[in-house]
Amino acid sequence: MGIYNKISVVFLMGLVIAMSGCTETGGDSSMAAGTNGVYIEYFGPDVEYPVSGQAITLETRLRNVGGAEASNIGSTIYLLSWGTSNSQNACTTGLKPPNAEMNKDGQECKVTDDTTAPEVTETQTYDVGVHINYDYTTNTIATVYAFSENEYVKKMEANQDIPMVKSLKNSNAPIHVDVRVQNVLKTGSTVPITLIFRNVGGGNVRYENQHYLIDSATITAGSSTQTCSNIRMKGGREGSCTVQVTIPAGDEVKLPIEVTTSYTYVTSAETKIVVHPKLT
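Glancing now at the packing of aromatic side chains. Scanning all chains against the criterion turns up five aromatic pairs. Relative to Tyr265, the ring of Tyr134 has its centre 6.2 Å away and its plane inclined at 55°; by these criteria the two rings are tilted. With a gap of 131 residues between them, Tyr134 in strand β7 (residues 124-147) and Tyr265 in strand β16 (residues 252-275) connect regions that are remote in the sequence. Exposure class is identical for Tyr134 and Tyr265. Each is buried. When the centroid spacing of 6.4 Å and the interplanar angle of 75° are considered together, the rings of Tyr263 and Tyr265 count as edge-to-face. Comparing Tyr263 with Tyr265 shows no difference in burial state: the two are buried. Following the ring pairs from residue to residue traces out a cluster consisting of Tyr134, Tyr136, Tyr263 and Tyr265.

See the structure below:
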């Protein structure tokens, strides 16, 4: 087999590698992003020393610290052995993210739930928690290089570096996305691109029909736009989808890949309520 045939075989085989977490020849490494969207700043009762039969308001203060606007924010009280009723949800209009250029923090809001302490004859401690659910998006931008076979051989002959991965950047969010492609992409070809979705926040995506699910991921590469829907997250930790992308023709192509991942995320907080008996 001649040297050019050997090079062609190597070119076409291309090992599959992950674009994030490593620095490729001639490219930048992946860029770290925050792992929170909506953050629970405080959850607890509005009184320090509740007694039997006293009205109590449970306050949940939220702030958007991620990179997207949060919408459809809701809350559910759990663990408590006595009932509550939602009295205020100031988060229904959504929360805008921080704006670093204008030196503005992310918006905050408060949810309140009213309840009445039970009658006790001795001090009792009760567990209580809150689930906060909200709709959110992660924006991911990756850049890959592709070459014609002639351009690839020319660079190899001149012992030049072969840029493979330029960058991978996720917005601040609880779901991060890795983009996996072949080691060397050939222009004018159709190649598989695999997205790996990872839960990096402290909560989880929605749970439905016995699966943790991401609603959708829209992938734009060149003039092509494709969508993966209802992506299952095994154990709530990781999921994937694969799409076929056509690389434009040319000697050397720099192809941006944009991914918009949409999902409902649930984050939680827990505390304790200590109820004291009334003086007799």
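Bringing the pattern of salt bridges into the picture now. Enumeration over the complete set of coordinates arrives at 13 salt bridges. With its nearest N and O atoms 3.5 Å apart, the salt bridge here joins Glu59 to Arg61. Arg61 sits in the partly exposed class, given a relative accessible area of 34%. With its nearest N and O atoms 1.9 Å apart, the salt bridge here joins Arg198 to Asp178. With a gap of 20 residues between them, Arg198 in strand β11 (residues 190-199) and Asp178 in strand β9 (residues 175-182) connect regions that are remote in the sequence. Looking at Arg198, the relative accessible area reads 26%, which means it is partly exposed. We classify Asp178 as buried; its relative accessible area is 10%. Salt bridges here are not isolated pairs; linked through shared partners, they connect Glu151, Lys154, Lys155 and Glu252.

Reading guide: rules and limits
- Residues numbered from 1 in each chain as written.
- Predicted model: local features only at pLDDT ≥ 70, side-chain atom pairs only at ≥ 80, totals over all residues.
- Heavy atoms only, no water.
- Phe/Tyr/Trp six-rings, centres within 6.5 Å; stacked < 30°, edge-to-face > 60°.
- Helix = DSSP H or I, 4+ residues; strand = E, 2+ residues; numbered from the N terminus.
- Buried < 20%, exposed > 50% of the residue type's maximum accessible area, 1.4 Å probe, protein only.
- Salt bridge = Lys/Arg side-chain N within 4 Å of Asp/Glu carboxyl O.

These figures capture arrangement, not role.
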